[in-house]
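In case you want the letters, here they are:
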Amino acid sequence: MEGKKIRVTVWNEFRHEKEMEAVKAIYPQGLHQCIGEALGKDAAFEVRLASLDEPENGLPQEVLDNTDVLFWWGHAHHQEVADETAKRVADRVLGGMGLIVLHSGHISKPFQRLLGTTGQLRWREDGTSTRIWAVNPAHPIVQGVGPYIDLAQEEMYSEPFLIPEPDELVFISWYKGGEVFRSGCVFRRGAGKIFYFQPGHETYPNYKNEQIQRVLINAAKYVAPTVQIQDVYGCPCVPSLEY
């Protein structure tokens, strides 16, 4: 990727912003637009936006083939994502594309497909505060963020979080109700890296928070592919190398 821009696609259901005035007031052009604008401040990125109601869920093969890092924000419409779309995303991750799964994307089809678990957790929408602790301060995703991030309001997510053991644990969140949650996790699948990051409930302006934006910028650079692998995950019949 040296010398080339990182091609980022920010995907969003883009339904709440149209249907809920409280969300529209915070993100009038969509959460994906807000995230895209934050990423666009860094010269390393070339950013495009995509959403659920576009043809092929906004992610046809051509778009994915020209995406180095895909951001995924989903909440209430996971089942409307076509199985074919989820498979295309998963296959691209196995081939090297980076994937950043945000907030309720923990039960999205691509995330479940790649992790092999349900991603279920405990939750409570009471709008109380959270502190997101950087438990791996040397990790590239943490650089420039600080030892913790305080958010005045966020949906509570709590353990047990039904995911495989992360390859790298970057953040753990504490909530006012006493709960804790593995809120920043890296997974490796095939040639690709996945980062799950919890903050981002649609009724709170947390994607406008500078520390959160720094995490997203760092994460996109971290999961960006260093290699691209084609056709490795099929089942080709090959001749013997030794006779």
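Our structure's up above, just so we're on the same page.
A.B. asks: Which residues make up the sheet that holds strand S10 (residues 180-189), and what values go with them?
C.D. replies: The nine strands lie next to each other as S2-S1-S3-S4-S11-S10-S9-S6-S7, forming an open sheet whose pairing is mixed. Bordering the open sheet on either side are strand S2 (45-51) and strand S7 (148-151), each of which pairs with just one other strand. Across this sheet, the average inter-strand angle for adjacent strands is 15 degrees, counted without regard to direction. By the bridge criterion, five bridges tie strand S1 (residues 6-12) to strand S3 (residues 69-73) in an arrangement that is parallel.

A.B. asks: Break down the pattern of salt bridges for me, citing the residues and quoting the values.
C.D. replies: Under the criterion given, the structure shown has 13 salt bridges. Between Arg182 and Glu159 there is a salt bridge whose closest N-O contact spans 2.9 Å. Of the two residues, Arg182 sits in strand S10 while Glu159 sits in the loop between strand S8 (156-158) and strand S9 (168-175), which places them 23 residues apart along the sequence. Arg182 gets classed as buried once you look at its relative accessible area, which sits at 18%.

A.B. asks: Help me get a handle on a nonpolar patch on the surface, residues and values and all.
C.D. replies: Nonpolar side chains collect at one region of the surface, where Trp133, Val135, Tyr148, Trp174 and Val180 lie side by side and expose about 450 Å² of accessible area between them. Residue Val180 is classed as partly exposed on the basis of its relative accessible area of 42%.

Conventions adopted
Residues numbered from 1 in each chain as written. Predicted model: local features only at pLDDT ≥ 70, side-chain atom pairs only at ≥ 80, totals over all residues. Heavy atoms only, no water. Pairing = 2+ DSSP bridges. Helix = DSSP H or I, 4+ residues; strand = E, 2+ residues; numbered from the N terminus. Axes fitted to C-alpha atoms, helices over the stretch in contact; angles between N-to-C directions. Salt bridge = Lys/Arg side-chain N within 4 Å of Asp/Glu carboxyl O. Buried < 20%, exposed > 50% of the residue type's maximum accessible area, 1.4 Å probe, protein only. Patch = residues over 30% accessible without salt bridge, like charges linked within 9 Å, V, L, I, M, F, W, Y side chains within 5 Å. Areas by Shrake-Rupley, 256 points an atom, 1.4 Å probe, with all protein chains shown as cover.

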